[in-house]
Amino acid sequence: MWLPVAFGGAAFAWVLAATARWGPGVSNDSVTYLSVARSLAAGGGLVRFDGASVEAWPPLYPWLLSLIVRTGLEPSDAARAVGAVSAAVAMAALVALLSRAVRSPGWAVWGGLLAFASPVLWRTFASAWSESLFVAFVMTACWLVGRIREWELRDVLLLGVVASATCLTRWIGVALVGALALWLLGAPGAPGERWKRTAVFAGTAALGPALWGTRNLIVAGGAPFGARGVGYAGLGRNFGEYLENLGATLSFAGIGVLGPPLAATVLLGACLLALRAWARDREIVAPVPVAALFLLLYSVVLVGIASWTPVALLSRVRFGAPVWLPFVILLVIGASHVARASRRARPGVLAAAALAKVTAPGWGIFLGVAVFLGLMILLSRYFGKRPQAVAMT
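Below is a short write-up of the structure. Note that the structure is a prediction, hence the values are computed from the model and not measured.

So, about the overall build of the protein chain. For the protein chain, the count of helices and strands is 16 helices and zero strands. Counting across all 393 residues of the protein chain, residues that qualify as buried make up 53%. Long-range pairs, those at least 24 residues apart, make up 77% of the contacts in the protein chain with a sequence separation of at least 6. In the form shown here, the protein chain has an accessible surface area of approximately 16,800 Å², with 67% of it arising from carbon and sulfur atoms.

Following this line, the structure appears as structure tokens:
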């Protein structure tokens, strides 16, 4: 129990320290979130700084900010608080689910340390962006599915509530809804029970967005989820820019032009291998298929929406940040099973990663080599059911 608390506390403290002097990072979206939060706190409704309503934006993030603003804090301080709590929840959930899935504090610690290795993710937590809250909800869902042993109605309802909140934070939360629904359909049990669980989950997950859409139809008299201008970034451009996002998120930037396609290959390979293991054994630890399905659906939806903003340069734009922690789940659980199956391979993998760090000029090449080794690990069939305790040396 102390490991999740320790890593969560470290994440909380890091975000507060990083934003202590200059406040949270801001962008055009941040200005909208902060102004809407101020308006909500003052009783002015979902109105941004220029007087325009923002029904097209998911409401949960600015609403949470407004609750904190009502205590007397500035919107920027509220964003710091939400970012710090989100980081703490995401890290605690990651370490807790790894501890439970792998049954080894050593591997859980490795996963927690690896989670700190993506500058893009931590820049997101330190900024006034809804992605920070989104990541916390995604990791909470992964933690919840790892705790389910015997299905009860409350488990399905709780998953639905978390998925609904994820959608109300960012509409692309539909990727998490789809991942959980597919996992529920493929879980062990009688077909009738699986369909029933999936229907209850989907209905609960859809409740929040449905209520919000109804509210917009009745109160605002507009489209259920607002209206945005016509986008200018088509599928081809979105795909290329998302590859750049992955290269930055997985820290392949130091490799140069090969970084984006290598990052996409690693991510796609890890997801497909995890799903292949799940197809062979439906008793596999639940966070593995859920993380893999989420990564695939999130990527497809993000590329397919022809976004209204270029996705390039993740040092500035953050759409790839939710990729990192689910990928760490696949990497650590896959590596732990390889170590359990072949103890002789473990020192070589760790030595290669350490050597890469010593000889590389920065984190980019180190993580490039480390993640490539992770892909080789995932090529094995050792995602297994539930490993025995494995101690790292």
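Having seen it, we continue.
It is worth spelling out the packing of helix α3 (residues 60-69) against helix α4 (residues 75-102) at this point. Where α3 meets α4, the closest approach of the two axes is 9 Å, and the angle between their N-to-C directions is 115 degrees. Considering the angle they form, α3 stands roughly perpendicular to α4. Read as a crossing pair, α3 and α4 show a hand that is right-handed. Of α4, the residues touching α3 (which contributes Y61, L65, I68 and V69) are P75, A78, A79, A81 and V82. Partitioning the contact of α3 with α4 into residue classes produces nine nonpolar, no polar and no charged.

A cluster of basic side chains, namely R100, R103, R147 and R149, defines a positive patch on the protein surface. Take R100: it is sitting in helix α4.

Glancing now at helix α5 (residues 105-115). Turning to α5, its buried residues number three or more, namely W107, A108, G111, G112, L114 and A115. Along the axis of α5, the buried positions cluster into a sector of 165 degrees, meaning they face one direction only. Residues of α5 that are exposed and angled more than 90 degrees away from the buried face: P105 and L113.

So, on to the nonpolar core. Of all hydrophobic cores here, the largest spans 110 residues; its most connected members are W183, F201 and Y298. By residue number, the principal contributor to this core is α4, which donates 14 residues. The residues touching F201, leaving out its near neighbours within four places in the chain, are V156, L159, G160, A163, V177, L180, A181 and L184.

In this structure the tally under the stated criterion is ten aromatic pairs. Arranged with centres 5.6 Å apart and planes meeting at 75 degrees, the rings of W14 and W122 form a pair that is edge-to-face. Taken together, the residues span a long stretch of sequence, with W14 in helix α1 (residues 2-18) and W122 in helix α6 (residues 119-125) at a distance of 108 residues. Relative accessible area serves as the criterion here: at 39%, W14 is assigned to the partly exposed category. The buried category is assigned to W122, whose relative accessible area is 3%.

We now examine the pattern of salt bridges. Taken as a whole, this structure holds four salt bridges when the rule is applied. The closest approach of N and O atoms between E131 and R170, which form a salt bridge, is 3.1 Å. Taken together, the positions of E131 in helix α7 (residues 131-147) and R170 in the loop between α8 (153-169) and α9 (174-186) put the pair 39 residues apart, joining distant regions of the chain. Overall, E131 belongs to the buried group, its relative accessible area being 1%. Of the residues examined, R170 reaches a relative accessible area of 18% and is grouped as buried.

With that settled, the discussion passes to α9. For α9, with 13 residues, the first-to-last C-alpha span of 18 Å sits near the 18 Å given by 1.5 Å per residue. Those residues of α9 not exposed but buried are A175, L176, V177, A179, L180, A181, W183, L184 and G186.

Along the polypeptide, R197 turns up in helix α10 (residues 191-220). In this structure R197 is buried but unpaired, with E193 as the nearest side chain of opposite charge at 4.8 Å. When neighbours within four sequence positions are excluded, R197 is seen to be in contact with W151, V156, L184, A187 and P188.

Within the secondary structure layout, A279 lies in helix α12 (residues 259-280). Considered as a pair, A279 and P289 are ten residues apart in the sequence and their alpha carbons are 9.3 Å apart.

What counts and how
Residues numbered from 1 in each chain as written. Predicted model: local features only at pLDDT ≥ 70, side-chain atom pairs only at ≥ 80, totals over all residues. Heavy atoms only, no water. Helix = DSSP H or I, 4+ residues; strand = E, 2+ residues; numbered from the N terminus. Buried < 20%, exposed > 50% of the residue type's maximum accessible area, 1.4 Å probe, protein only. Contact = heavy atoms within 4.5 Å. Areas by Shrake-Rupley, 256 points an atom, 1.4 Å probe, with all protein chains shown as cover. Axes fitted to C-alpha atoms, helices over the stretch in contact; angles between N-to-C directions. Parallel < 35°, antiparallel > 145°, perpendicular 65-115°, else oblique. Left-handed = near helix turned anticlockwise from the far one by under 90°. Nonpolar A, V, L, I, M, F, W, Y, C, P; charged D, E, K, R; others polar. Patch = residues over 30% accessible without salt bridge, like charges linked within 9 Å, V, L, I, M, F, W, Y side chains within 5 Å. Salt bridge = Lys/Arg side-chain N within 4 Å of Asp/Glu carboxyl O. Lys, Arg positive; Asp, Glu negative; His and termini not counted. Charge placed at Lys NZ, Arg CZ, Asp CG, Glu CD. Arc of directions from axis to C-beta. Core = buried A, V, L, I, M, F, W, Y, C linked by side-chain atoms within 4.5 Å. Phe/Tyr/Trp six-rings, centres within 6.5 Å; stacked < 30°, edge-to-face > 60°. Expected span 1.5 Å × (residues − 1).

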